[in-house]
Amino acid sequence: MNVRRKRFLFYTVLAGLFTLLFLFFISGLNSSTAPTLIEVQAEELIQSSVSTPVPAEVSSLPPDKPEQLLPAQVDTIPTATSSDQSDVIPAPTPSVQELTAPPQPTSVTVDTYMPNGVVTPSASSKVSIPVLNYHSVTMDPGNVVVISPAKLEAQMKYLHDHGYTPISLTTFINLIEKKSGHAAPDKPVLLTFDDGYVDNVEEAMPILAKYNFPATLFMSPGMVEDAGYLNWEQVKQLQQAGWDIQPHGMTHPHLPKLSAAQQVYEITEARKLIEEKLGTQADVFCYPYGEYNETTLKVLKDHGFRYAFTIDQGYTTNQQSPYLLKRLFINGEESLKAFINKLPKSN
Ligand SMILES: [Zn+2]
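We now turn to the structure provided with this report.

Analysis parameters
Residues numbered from 1 in each chain as written. Predicted model: local features only at pLDDT ≥ 70, side-chain atom pairs only at ≥ 80, totals over all residues. Heavy atoms only, no water. Core = buried A, V, L, I, M, F, W, Y, C linked by side-chain atoms within 4.5 Å. Buried < 20%, exposed > 50% of the residue type's maximum accessible area, 1.4 Å probe, protein only. Helix = DSSP H or I, 4+ residues; strand = E, 2+ residues; numbered from the N terminus. Contact = heavy atoms within 4.5 Å. Salt bridge = Lys/Arg side-chain N within 4 Å of Asp/Glu carboxyl O. Phe/Tyr/Trp six-rings, centres within 6.5 Å; stacked < 30°, edge-to-face > 60°. Lys NZ or Arg CZ within 6 Å of the ring centre and 35° of its normal. Pairing = 2+ DSSP bridges. Arc of directions from axis to C-beta. Polar contact = N/O pair within 3.5 Å; in protein donor to acceptor, adjacent residues only side chain to side chain.

Another point: the nonpolar core. Grouped burial of nonpolar side chains is what soluble globular proteins tend to show. Y134, M156, L191, F193, L208 and W243 are the most contacted members of the largest nonpolar core, which has 39 residues in total. Broken down by element, the residue count for this core peaks at 5 residues, all from helix 5 (residues 199-210). Excluding residues within four positions of it along the chain, L208 makes contact with L152, M156, L191, F193, F213, P214, A215 and W243. Membership of the second largest hydrophobic core comes to 16 residues, among which are I167, F172, L175 and Y307.

Here it is, written out as structure tokens:
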């Protein structure tokens with residue numbers, strides 16, 4: 001092969017390499033700018049919710065079986081529904097408002113934040129209780145955070161007819177702590193309602209009362225008497241009907257975004273107001289949006305809180321950290337069959 005031919009081959013190969021590099025670069029650009037299907041859906045979810053004026057909260061959408069957990073959790077902002085335009089009080093229509101990453105429990109050393117006096121149970125004595133997580137009870141088709149009164153009625157009837165026993169928060173704690181003298185009722189279930197919507201007293205309370213079921217309400221006292229939310233008289237009505245009232249932050253904040261001092265205020269002021277207004281103990285917390293960080297856990301421990309509920313999906317057990325208790329999100333759009341599939345079939 002002569003020198004000219006070698007040179008020709010060399011430049012040909014070089015040109016080929018540059019062409020490949022160029023094509024590779026172009027395809028890289030395309031994949032980094034073109035949104036994936038998931039991104040498109042997430043954006044649509046966010047955009048569709050922006051137009052909805054009245055917010056609330058939702059946790060992730062659990063599948064039929066609680067063991068199968070979704071990685072991302074959907075949450076919404078429950079800001080007040082104050083309307084500066086009219087005298088008409090809009091019904092709260094909770095909707096999906098933003099996507100948030102799930103809390104990062106891996107960054108937390110669970111045992112560092114055990115409440116004082118809690119004895120870690122042995123692995124051989126597991127107690128497992130489904131804690132159902134409701135929000136608003138009204139008509140709002142398409143909104144997974146809202147369950148219709150008819151569907152709630154059907155679910156409560158199912159629990160009643162199939163031997164489940166909704167329990168008070170006190171009974172729940174006695175069972176989790178395996179206190180002697182507290183035999184577990186048949187198929188215990190804890191019913192929880194987040195945020196404090198006025199429909200909880202108008203719709204949920206009469207349905208639960210029909211079956212003599214207690215429930216637990218996690219409320220934000222800073223939102224009391226905002227349009228669509230319970231006022232103190234209504235909160236007292238729920239209490240008298242057998243509901244336990246516990247704190248959910250003063251203003252339903254994103255706690256990890258706050259300073260330590262702000263977190264102390266949000267957590268302890270909510271507890272103080274509930275205890276003052278209702279004369280009860282309010283030391284079981286529920287994280288707004290399911291969000292917390294190390295500071296949150298430290299504040300709970302430092303101020304003597306006994307338990308805290310997340311929106312992580314699963315049955316609640318005595319082997320979870322007392323500050324990281326799981327719950328089961330009740331999707332208002334799902335069928336009775338899907339609801340039934342969430343429940344344990346026996347004790
Ligand atoms: Zn909430």
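Let us now look at the pattern of salt bridges. In a structure, side chains of opposite charge can pair up when their charged atoms sit close to one another. On inspection of all chains with the given rule, the structure shows 10 salt bridges. For K210, the salt bridge goes to E153, with nearest N and O atoms at 3.0 Å. Of this pair, K210 sits in helix 5 while E153 sits in helix 3 (residues 149-161), and the two are 57 residues apart along the sequence. Of the charged contacts, one joins E177 and K179 as a salt bridge, the two residues approaching to 3.2 Å between their closest N and O atoms. For K179, a relative accessible area of 38% gives the class partly exposed.

Note on aromatic pairs: each is described by the distance of the centres and the angle between the planes. Following the criterion strictly, the structure yields 10 aromatic pairs and no others. Both rings, one in F285 and one in F305, keep their centres 6.0 Å apart while their planes meet at 80°; by these two values the pair is edge-to-face. On the criterion of sequence distance, the pair formed by F285 in strand 11 (residues 284-286) and F305 in the loop between helix 8 (294-302) and strand 12 (307-313) is long-range, its members being 20 residues apart. Taken together, F285, Y287, Y292 and F305 form an aromatic cluster joined through their ring pairs. Lying across the ring of Y164, K187 places its NZ or CZ 4.3 Å from the centre. Residue placement shows R271 over the ring face of F305; its charged tip is 4.8 Å from the ring centre.

With that settled, the discussion passes to the pairing of strand 4 (residues 131-134). Of the two faces of strand 4, the one holding V131 and N133 and the one holding L132 and Y134 are both buried throughout. Across 4 bridges, the pairing between strand 4 and strand 8 (residues 188-195) is parallel. Note on strand 8: the bridge partner recorded for N133 is T192. Where strand 4 meets strand 14 (residues 325-329), 2 bridges bridge the pair, whose relative direction is parallel. Bridge pairing in strand 14 places L132 opposite L328.

Attention shifts here to the environment of V299. Within the fold, V299 resides in helix 8. Distance in space between the C-alpha atoms of V299 and A261 is 9.4 Å, their sequence separation being 38 residues. Contacts of V299, omitting those with residues within four sequence positions, involve Q263, V264 and I267.

This part takes up the pairing of strand 14. Burial of strand 14 is extensive: 4 of the 5 residues sit out of reach of the surface. The pairing of strand 12 with strand 14 spans 2 bridges and is classified as parallel. Directly across from F309, in strand 14, lies its bridge partner L325.

Right, let's get into helix 8. Looking only at helix 8, the buried set comprises T296, L297, V299 and L300. The buried residues of helix 8 occupy an angular sector of 160° when projected down its axis, which confines them to one face. Turning to helix 8, the residues buried within the fold contact helix 7 (260-278), strand 11 and strand 12. Its side-chain oxygen placed 3.1 Å from the backbone nitrogen of T295, N293 serves as the N-cap of helix 8. Two residues or fewer after helix 8 comes G304, characterised by a positive phi angle close to 75°.

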